[in-house]
Amino acid sequence: MYTLYGSLGAASLTPQCVLEEAGAPYELIEVDISEDTERDPEYLKLNPHGRIPTLVFDDQVMIESAAISIYLADKHSQTQLSPPLDHPERSRYLQWMVYLTNTLQEALLLKMYSSLYTDDPEGSAAVISRASSKLDTIMAFVEQSLGLTEGPFFLSSGLSTADIYLNMLGGWDPAIQVRILSSSTVANIPENQRYINVERNYAEMLKRPGVAKTFAANGY
Ligand SMILES: N[C@@H](CCC(=O)N[C@@H](CS)C(=O)NCC(=O)O)C(=O)O
């Protein structure tokens with residue numbers, strides 16, 4: 001039995017998708033992560049940063065969404081959401097998982113929590129502006145990379161937690177959303193600025209029932 005501490009639409013989404021796809025027994029405990037809410041001291045014993053997700057199982061406590069996702073997908077290998085150690089695409093898989101959490105997620109956090117990244121009370125706008133241009137570069141790289149495989153996923157062997165992770169993060173920023181969704185035509189986003197490969201990746205990912213159910217339950 002797993003206990004997953006999380007919050008709807010946040011970084012617990014990918015681990016939750018893996019648990020659903022695995023059909024593993026788990027309990028999701030909602031943590032209020034709003035900025036003005038004191039963290040429960042009991043939760044801080046599990047995760048001193050007060051962030052989510054945290055996974056508790058057996059006598060272990062694990063933090064970091066990407067690491068939890070890789071661990072669960074490896075453990076429940078019947079989900080085929082992570083290529084095994086000796087698979088030729090294992091290296092590519094790890095590369096994308098680390099890139100997404102280290103680079104894309106980090107730039108998103110800069111933009112979303114801009115005031116935490118500057119001592120200057122007037123500095124948030126500059127942080128947001130810098131993060132937004134980093135995000136444009138990062139998403140262009142992701143879009144281009146998805147076009148290099150036969151698609152629609154990062155790996156030619158099929159869906160992995162990297163695709164789920166990408167789409168989890170994509171839902172955090174309306175500026176990314178509008179370039180992914182079909183509604184971008186409605187929003188008059190020029191064709192060359194749309195993330196067409198990401199959009200296809202999202203649509204194909206939703207063909208996995210456990211993933212589709214979890215994204216819907218998380219408000220996507
Ligand atoms: N690197 C961590 C980041 C986790 C993270 O920033 N979680 C956010 C929600 S998406 C959070 O808990 N924010 C509340 C806070 O920082 O207090 C991970 O991927 O697990």
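Residues numbered from 1 in each chain as written. Predicted model: local features only at pLDDT ≥ 70, side-chain atom pairs only at ≥ 80, totals over all residues.

Engineer: I'd like a description of the pairing of strand β4 (residues 60-63), backed by residues and values.
Structural biologist: As judged from the four bridges shared by strand β3 (residues 54-57) and β4, these two strands associate in the antiparallel manner. For Thr-54, the partnering residue across the bridge sits in β4 and is Ile-63. Here β3 hands over to β4 after two residues, with Asp-58 in that stretch at a positive phi of 45°. (Pairing = 2+ DSSP bridges. Helix = DSSP H or I, 4+ residues; strand = E, 2+ residues; numbered from the N terminus.)

Engineer: Residue-level account of the sheet that holds strand β1 (residues 2-6), with values.
Structural biologist: The strand order β2-β1-β3-β4 describes an open sheet built from four strands, whose pairing is mixed. Sheet topology places β2 (26-30) and β4 at the edges, where each strand pairs with a single neighbour. Between one strand axis and the next, the sheet turns through 20° on average, direction left out of account. As paired elements, β1 and β2 share five bridges and run parallel to each other. Bridging across to β2, Tyr-5 finds its partner in Ile-29. Docked against the sheet, helix α1 (residues 13-22) engages β1, β2 and β3, running at close to 150° with respect to β1. (Axes fitted to C-alpha atoms, helices over the stretch in contact; angles between N-to-C directions. Contact = placed C-beta atoms within 7 Å.)

So yeah, pure geometry; function would need other evidence.
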